Amino acid sequence: MNIEIRGISKRFGPVQANQDIDLDIRAGEVLGLLGENGAGKSTLMNVLSGLYRPDSGDIIIDGTAVSFDGPGDSIAAGIGMVHQHFMLVPVFSVVENVILGVEPTGAADYLDLDAARAQVQQINDSYGMEVPSDALIEDLPVGIQQRVEILKVLFRSADVLILDEPTAVLTPQEVEAFFGIVRALRDAGKAIVFITHKLHEILEIADRVSVLRQGRIVGNGVPSEFSEADLAEMMVGRPVSFSVGREAATPGQPVLELADVSLLDAGLEARLQSISMTVRAGEIVGVAGVQGNGQTELVEAITGLASVNAGRVTFNGIDITATSVRQRHRMGIAHIPEDRLKSGMVAGFTVAENMVLNRYYDERVARGVVIDWSRAEEQAAAACLKFDVRTPSVFLGAGSLSGGNQQKMVVARELERDVRLVVASQPTRGVDVGSIEFIHQQLMACRDAGNAVLIISSELDEILDLSDRIYVMFEGRVTAEFDNQDSCADRNAIGLAMAGVNRTEAA
Amino acid sequence: MTRAPSDTAPDAAPDAAPDTAPDTDSRLRALLAPTIATRGDLREVVLIPLLAVFLALVIGALIMMATSVAPATILKSFVAMADGSLGSMNAISETLTASIPLVMAGLGIGLAFRAGLFNIGAEGQMVVGGLATAIAAFSFTGLPMILHLPLALLIGMSVGAVYAAIAGVLRATTGAHEVISTIMLNLISFRLLDYLLRQPYIQKEGRADPISRAVLETAELPRLLTFLDPNLRLHLGLFIMLAAVAIVWWLLFRSKLGFAFRISGENPGAARYAGIRAGLTVVLAMAIAGALAGLAGATQVSGVLGRATPGFTAGIGFDAIAVALLGRSHPVGILLAGLLFGALEAGGRQMQVDAGVSIDMISIIQALIIIFVAAPLLIKRLFPPLFRNRVTAGGGHE
Amino acid sequence: MNSQTTAAAPRAIDWRASITGGALILLALVIAFLLDSPWDSVSTFKISRPRDVWVVGHLTLPSQWFTTIAAVVLAFLGTRLFLKGGGRWTTLSLAVALVILAMAFLVWATAGKSISLTGMLQATVVRAVPIALAALGGILCERVGVINIAIEGMLLAGAFAGALFGSLMGGWAGIICAMLIGGVFGLLLAVLVITYRVDQIIAGVVINLFVLGLTSYVSSQVFAEFRWLNKATPFRAFKIPVLGDIPLVGPVLFNQNLFVYGALILVTLSTYYLFHTRFGLRARAVGEHPRAADTLGIDVIKTRYAHVIAAGMVAGFGGAWFTLGSVGRFDENMTFGRGFIGLAAMIFGRWHPLGALAAALIFGFADSLQQKLSILNTPIPSEFLSMAPYIATIVVVAGLVGQARPPAAIGKPYVKD
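Bear in mind that the values here come from a model prediction, so they are computed numbers and not experimental data.

Q: Help me understand the overall build of chain B in this model?
A: What chain B contains, in helices and strands, is 17 helices and zero strands. Burial statistics for chain B: of 398 residues in total, 53% are counted as buried. Residue pairs at least 24 apart in sequence account for 76% of intrachain contacts in chain B once pairs closer than 6 positions are excluded.

So, in structure tokens, the structure goes:
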């Protein structure tokens, strides 16, 4: 099945998400769709999957123009979408998820799970996916969940598969296995659209590539014709240097030390098991790992958000295991939280209010029980200038800023004061390239000023670019430690450690 | 959010960085310049409540028609409503008197709202607070008014606070949703009131029905307008109410505690991140809400009723939910909404007398107002021309 | 606003279990020290009634022995919860504890006297009906992701419509109209929360206030004058042949009125529907992950509308119980929080119709117990007895929130873009 996309445009309020897009999707071929966050990739694919209706333009399938009134139409036309954020019901079983919407039924609308199970097993076998059909989704690792998404699409006998940032949550080894499945599907005659912002993936898997920038197609071609630098320039619109240009670190005294730290969750399950790590002054330490392997809990243990059940946390030689969030904050621990909208800021508050979110009580802004708002506002304005937060006014609601500016606002709040340790969790998630560069520079500057920096990220590239030393976490443990002084850490070895293959390399 | 524009910014800013580029100062000033409230916002804040009231009255009239009230009577009832709420000195006094407990209980609900809690228990908190005030008001004999009255009110406040804090503690420790627990505490308080009013010490001597002894004169809130007409019931609670509005405003928008409440209400994750103790915040917010509702019950007993009787709160605690919603949980908004509802209450009584339409009509109108205020999209769809983004050429200033 | 989001930091101490456990220990002490009766006194429970076909002997229990054992069991359950935390058994221990508590009170109150057990259980089932139907209404809504605080108002509206239209056109028409009116308020809730995205709890509370105002207005404006409009003939119990003659079970389950049979049928049907049919699966998907459902071509908005309206109709039927199922007359605010108790039963029953029915039976037992105890002339003031269901509700909600997981999308409006 071939699809021609002709002149698709889609606008959300003031944002032109897609403009005049032409694209060809062909059977037996992997089309790489490259673009940075917010370039309009997801919008385009949501148009194709019937979730959004385009403002103008045509979708032509095998020579006939079609229009989709909803996802149902697109599915019926043979288009299947695997979303970046899995569209699986966690408390349903694999079979229930796969059949949802196209359920085999008997009399009285009776759900025929046995028939469904047999069908699912058949697809499972023919592509060698090995998915347990009666397991609940929430009990499965993300790599398997992704296969469930593909099963879902194949169960609906899709001929076109759209894969939206499919590798974001996988370890390098899982990525390899996943590419194997993609190739098998392509060889079976399926058309595949592979959406990503990772250049090396395009070079590895795509047969053709289209680059999207600010809602427009800015380049088409065969990947082998381009270098990584060409693709990067097309994607961003200007030459980009992806390596930060790190100078050698001069680590000093240990600032943060964790000794055998363990943490249990409410269900008394271990989330951290005997974690020991050290972060010294003047170095950046990265924590790599697939999301959900204890990184969140690690940050909570360091910042005081969760109390640990065993072990010791030391800061500048002082035992802080039992101190509160605020005490640690005062001691000079800065915390850039992993999800700014969930915990880093209050969207309904002004920029000024957000700038004092976690220090409104200290003597710089408060007098007794009262907050001195005019002082807070002046400080906020100064921080906005210093950290390039682009807002017309500090009285503007923070929710109306762009993702990059929101993140810079959080970074500004955390770094504008005197800090000794920076804990940055997913510091550049969902922000534009310009802001990524700026935030990375700020973190480097922090290191160069002699502070300790701990970066937790599920983007392995970010970890490799910034860190002087790398810890890898898997299922609540540190499985490996790597030296990365001159960016020498072995990507493959890190990948194995992320997957829990225990092989500690001498630092 | 209201905040005074910081016009003192340039002077207050210490010239810490003398070597900054010349335009830094002007960019700073631009960032600090007070934003002009967009006309659209103003329109929403003012127009939507007005249209909501209008629509509610229209639908109220339709319901009256449906229950075969003659058109003339409907007209008469609206006239009576206006007359009974604003038409005379007595009407104004009644309106203000009725709004006092509504505003105070509404402030409690609004404050809890800002902290992310839905306190449906204002009615029950009024019951226990009012009853405690009644008991204090007839128990302490021989105290001068200057001591007795504040003491009685304070006891009512404290008991209301403790009663509301039960729901807060349950929420903080077990996660039990405050909506269900406060509703149950309401129902429990009604039974408790019925029981206590029959107890020998509390029940009025020689009475078989549940009614408390009368409040002593030293614990009565003095009436304010008796120099004009001895029948005017407006009492000192008016000033307590205004003070409460100011204090709650200060608490929410100036104090550290209030900021912690607002963070907790807007984004619990951010509150946790900022080191705000969630449990303590919940208990404190509920306790303050309960204190305000308790005070509403207290002023009602010591200023209007003079004793506690079964159902003496008369659903004011539930109407206060509507007041808080209509006032958008802002103290000033709650004051205005409370005055409106006080007027409806006073006008409704007149309506019942003059036109023979049941005062329950007022509850319907109040509920309708809230439905429309809570669904601004609905109003915008019903009156599209008023919300079209046009260039306003003069006029239309509220 | 939403309590279900786990804001609490992971802690080793389970506060909820400790508090629930502590409460149970306290209740054990109450039973042990306050519920005294002579050691030789006997509580007699009559099972068969004079005209029964098959006659079974009385059930007699030594009163003091029973309460002592009950206190010990309660103390054991409480200590276990207090020390070891809840875990999977919390719901069951709490249910057992509540039943034991109620039975201990009953045995103590009947010490040296006799009471009809059959009558007691019959009343239990009857009183469980509105609670179970309210819970079922709650389940239908919450399973598609809509919180239904308005269930109380829907019950009241159903009670009102049952009385009014039952008086005008007879009982069956009354029931149909009660369901229609309930459905109308379901529609109103749906419009407010689904289309206009009003906060679900606020919308529910406001609908409750509106229904309370409207029914009170009509009853004082119209019913006071035209009494014949509020004088419906209630449905009588009818015995199912043979089954109705089984001792104990017969009168309790098979000699009841239409509402009891209706509730049992609705619970069965909705269990089948939710867990064994295509549309049930889709409904649950909408409540758990609406976006996923949407990407699969399931219309989230329509699904939600349909279920919220259906929930209103179920609640309307439950509301008609108050008038057409008992006295035929509507009184102001006559539902007295039963809708909210139904929501507690829904949580207790883990959002499953059968679980909710079991929970409703416990509440129904507490409700009928309160009635019987006041007949038996116990020294406990009747006001305190009538608080029992409300206190039980708080205990259940406090003890069980977070134990069972509510549907994940609850409380959130679905916005497509």
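Q: Please explain the overall build of chain C as it appears in this structure.
A: When its secondary structure is counted, chain C shows 15 helices and five strands. Taking 22 Å as the expected radius of gyration for a compact globule of 417 residues, we find that chain C reaches 22 Å, a close match to that expectation. Principal-axis analysis of the C-alpha atoms gives chain C an extent of 70 × 60 × 40 Å. Residues counted as buried form 59% of the 417 residues belonging to chain C. Considering only residue pairs separated by 6 or more positions, chain C has 80% of its internal contacts joining residues 24 or more positions apart.

Q: I tried to follow the sheet that holds strand E9 (residues 208-213) of chain A on my own but got confused; where do I start?
A: Within a sheet, each strand pairs with its neighbour through backbone hydrogen bonds, oriented either parallel or antiparallel. Residues and elements named next belong to chain A. Strand order across the open sheet formed by six strands is E6-E7-E8-E3-E9-E10, with mixed pairing between neighbours. Because the sheet does not close on itself, it has two edges, and the strands there are strand E6 (79-82) and strand E10 (216-221). Taken over all neighbouring pairs, the strand axes of this sheet differ in orientation by 20° on average, direction set aside. Looking at chain direction, strand E3 (residues 30-34) and E9 are connected through four bridges and run parallel. The residue of E9 that forms the bridge with Leu 34 is Val 211. With respect to the sheet, helix H8 (residues 228-236) is in contact with E3, E9 and E10, its orientation differing from that of E9 by roughly 35°.

Q: Sorry if this is basic, but what is going on with the interface of chain B and chain C here?
A: By a frequent convention, interface size equals the accessible area lost on bringing the separate parts together. Between chain B and chain C, the contact holds 43 residues from the first and 45 residues from the second. For the side of chain B that touches chain C, the secondary-structure elements that each account for two or more residues are helix H7 (145-174), helix H8 (178-196), helix H11 (268-273), helix H13 (316-326), helix H15 (360-374) and helix H16 (376-382) of chain B. Among the elements that make up the side of chain B that touches chain C, the one with the highest residue count is H8(B) (eleven residues). For the side of chain B that touches chain C, the class distribution of residues is 29 nonpolar, nine polar and five charged.

Q: Whenever I open this one, the interface of chain B and chain A confuses me. Can you help?
A: Taken together, the contact between chain B and chain A spans 28 residues of the former and 33 residues of the latter. Every element with two or more residues in the side of chain B that touches chain A is listed here: helix H1 (9-12), helix H2 (22-32), helix H10 (256-266) and H11 of chain B. Classifying every residue of the side of chain B that touches chain A gives 14 nonpolar, eight polar and six charged.

Q: Help me out: how do you make sense of the confidence of the model for chain C in this one?
A: Close inspection of predicted coordinates is inappropriate in any region flagged by low pLDDT. Residue and element names in this part refer to chain C. Per-residue pLDDT for chain C has a mean of 86; in total, 94% of the residues score no lower than 70. The model gives residues 1-12 a pLDDT under 50, and that stretch makes 25 contacts with residues more than four places away or in other chains. Complex prediction metrics read pTM 0.85 and ipTM 0.83.

Q: For this particular structure, what's the right way to read the sheet that holds strand E2 (residues 15-25) of chain A?
A: Residue and element names in this part refer to chain A. Strands sit in the order E2-E1-E4-E5 across an open sheet of four strands; the sheet is antiparallel. With one partner strand each, in any of the chains shown, E2 and strand E5 (64-66) form the two edges of the open sheet. The sheet shows a mean angle of 30° between the axes of neighbouring strands, direction not considered. Note that strand E1 (residues 3-12) and strand E4 (residues 56-61) share five bridges and pair antiparallel. Along E4, the bridge assignment pairs Ile 3 with Ile 61.

Conventions adopted
- Residues numbered from 1 in each chain as written.
- Chains lettered and ligands numbered in written order.
- Predicted model: local features only at pLDDT ≥ 70, side-chain atom pairs only at ≥ 80, totals over all residues.
- Helix = DSSP H or I, 4+ residues; strand = E, 2+ residues; numbered from the N terminus.
- Buried ≥ 20, exposed ≤ 12 C-beta atoms within 10 Å, placed from the backbone.
- Contact = placed C-beta atoms within 7 Å.
- Rg over C-alpha atoms; globule rule 2.2 N^0.38 Å.
- Pairing = 2+ DSSP bridges.
- Axes fitted to C-alpha atoms, helices over the stretch in contact; angles between N-to-C directions.
- Nonpolar A, V, L, I, M, F, W, Y, C, P; charged D, E, K, R; others polar.
- pLDDT = per-residue confidence, 0-100.

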